[in-house]
Amino acid sequence: MVRTFCRTLLALFLFCGFAAPSAHAKGRPMWPIPPLSGFDGTRWGNLQIGRTTLGVLRQHYETGKGAYERSTELTQPKDTPLRVDLLWNKRDKDEVLAAITVRFAAEGARWSDVEKLFQGAAPQNGYVQGRFEDWRVARWPARGVAAFVMRAGEAENVPLLVLAAPDALGALQNRLLPNAPAEEYVDEFANEPKRVEFGTIEIELDDDLELSRREESRTRDAIKRAYAGGTLSYDREGEGSYRVSVSGSKKATGGSVSVSVSIKGEGPYGTVSASGSGSDSWKWNQGEERDQDDVVDAYRDAVREARDAAERKFERAMRESGPPSPAQIREEQWTQLIETVRGAASQNALTPQLLR
């Protein structure tokens, strides 16, 4: 029932647009979404590719954090089954609109509904080599529209649309192939140990604690034996790092010490990092000799606590690390295609300036 309701809202948007509330609690209205069929390669409602600036847009409409680098979301009511993001390029002192993305909720709009919007012009289909799901990019170059189409069995849906100037959209031609089958997803690191080798050990002591260099060496030797359930191993040539930072104070009545530990390295599936902290304190009675052994004991306990916490977290992070899912890879590929369009818009914008 919920899916049917979303489908109905999407269909209404595709053909009729979406009238957002005319006023907003913060004083700026939400942008009213016009029908998609109204995009002509330059204008969509009152948005104009290559002319609308971020500064002016924010003066008139409620905005949010964009889904992409240098992008802005056009805020919509909570139950709107889509989001609109505007991508910007720097031109002189302004951020100028380069492209627009429309992301539908759930699995997206039906391909048959999207296709109806552009009847009379057959879409050009293109494929990315190295994808692990059945999807394609259907383009209407003259209209400046690209639909990202997912197939699941017999069903075809469109989760994402890109709207841009036709010449910018043409840059996708060099990134897409006329035909390329989806590939089988294989984890190439499935049999690799989940372990990081670290060669950098940094220990930063607080001079106020008056700890000896022998104590620092003792800590360094202990770190070299770090194991973390088999996920850590010291090797002087290792690229990972194990850092310890110590702060504290020592007064006539006692003192305290705080330790933070950070571990970082490259695992089979990318960077893994973890941190932990520990602390301890001691007291001296008035007239009692200030025994430095109390400081050392507190330091050792705090280091042990911080190391245990950091290594437990690191082991857990390593165990949980794994290959990116096909969906994550797809999103990265889509983002690369979107950036190709934005980059082409930036280059095209420079041409008139050079020819003046």
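What you see is a predicted model; the values in this text were computed from it and never measured. (Residues numbered from 1 in each chain as written. Predicted model: local features only at pLDDT ≥ 70, side-chain atom pairs only at ≥ 80, totals over all residues. Heavy atoms only, no water.)

Draft legend 1. Fine view of the overall build of the chain. Tallying secondary structure elements over the chain gives 7 helices and 16 strands in all. Out of the 356 residues in the chain, the part that is buried amounts to 44%. Residue pairs in contact within the chain that sit at least 24 positions apart in sequence constitute 63% of those at least 6 positions apart. As presented, the chain carries roughly 19,300 Å² of accessible surface, and 46% of it is formed by carbon and sulfur atoms. (Helix = DSSP H or I, 4+ residues; strand = E, 2+ residues; numbered from the N terminus. Buried < 20%, exposed > 50% of the residue type's maximum accessible area, 1.4 Å probe, protein only. Contact = heavy atoms within 4.5 Å. Areas by Shrake-Rupley, 256 points an atom, 1.4 Å probe, with all protein chains shown as cover.)

Draft legend 2. Main features of the packing of helix 5 (residues 213-224) against helix 6 (residues 292-320). Their axes nearest at 12 Å, the elements helix 5 and helix 6 cross at an angle of 25°. It follows that helix 5 is roughly parallel to helix 6 by the angle criterion. Like other packed secondary-structure pairs, helix 5 and helix 6 cross with a definite hand, here right-handed. Residues E215, R218, T219, A222 and I223 of helix 5 lie in contact with helix 6, whose contacting residues are V296, Y299, R300, V303 and R307. Tallied by class, residues from the contact of helix 5 with helix 6 come to 5 nonpolar, 1 polar and 4 charged. (Axes fitted to C-alpha atoms, helices over the stretch in contact; angles between N-to-C directions. Parallel < 35°, antiparallel > 145°, perpendicular 65-115°, else oblique. Left-handed = near helix turned anticlockwise from the far one by under 90°. Nonpolar A, V, L, I, M, F, W, Y, C, P; charged D, E, K, R; others polar.)

Draft legend 3. Structural detail: helix 6. Relative to the 42 Å expected for 29 residues at 1.5 Å per residue, helix 6 spans 42 Å between its end C-alpha atoms, a close match to the ideal helical length. Two or three places before D293, at the opening of helix 6, D291 has a side-chain oxygen 2.9 Å from that residue's backbone nitrogen. (Expected span 1.5 Å × (residues − 1). Polar contact = N/O pair within 3.5 Å; in protein donor to acceptor, adjacent residues only side chain to side chain.)

Draft legend 4. Structural view of a negative patch on the surface. A cluster of acidic residues, E288, E289, D291, D293 and D297, forms a negative patch at the surface. Relative to the helices and strands, D293 is located in helix 6. (Patch = residues over 30% accessible without salt bridge, like charges linked within 9 Å, V, L, I, M, F, W, Y side chains within 5 Å. Salt bridge = Lys/Arg side-chain N within 4 Å of Asp/Glu carboxyl O. Lys, Arg positive; Asp, Glu negative; His and termini not counted. Charge placed at Lys NZ, Arg CZ, Asp CG, Glu CD.)

Draft legend 5. Representation of unusual backbone geometry. Phi is positive for A106, which is not a glycine, with a value near 55°. Under the relative-accessibility criterion, A106 is labelled exposed at 67%. The phi torsion at E210 lies on the positive side, around 55°, for a residue other than glycine. Mapped onto the elements, E210 comes out in the loop between strand 12 (196-204) and helix 5. Look at E210 and you get exposed, because its relative accessible area is 55%.

Draft legend 6. The nonpolar core, seen in detail. Membership of the largest hydrophobic core comes to 33 residues, with the highest contact counts inside it found for W44, L86, I100, V114 and L161. Of all elements in the fold, only helix 2 (54-60), strand 5 (82-91), strand 6 (94-104), helix 3 (111-116), strand 9 (135-140), strand 10 (145-152) and strand 11 (155-164) reach the threshold of two or more residues within this core. Judged by nonpolar contacts, the second largest core, of 32 residues, contains Y242, V244, Y299 and A310. (Core = buried A, V, L, I, M, F, W, Y, C linked by side-chain atoms within 4.5 Å.)

Draft legend 7. Inspection of the pairing of strand 6 at higher detail. Across the 11 residues that make up strand 6, a large majority, 8, are buried. Counting the residues between successive antiparallel strands, the hairpin from strand 5 to strand 6 contains 2 residues, one of them, D92, with a positive phi of roughly 55°. Sheet topology places strand 6 next to strand 11; 5 bridges connect them, and they run antiparallel. By the bridge assignment for strand 11, A99 is matched with A164. (Pairing = 2+ DSSP bridges.)

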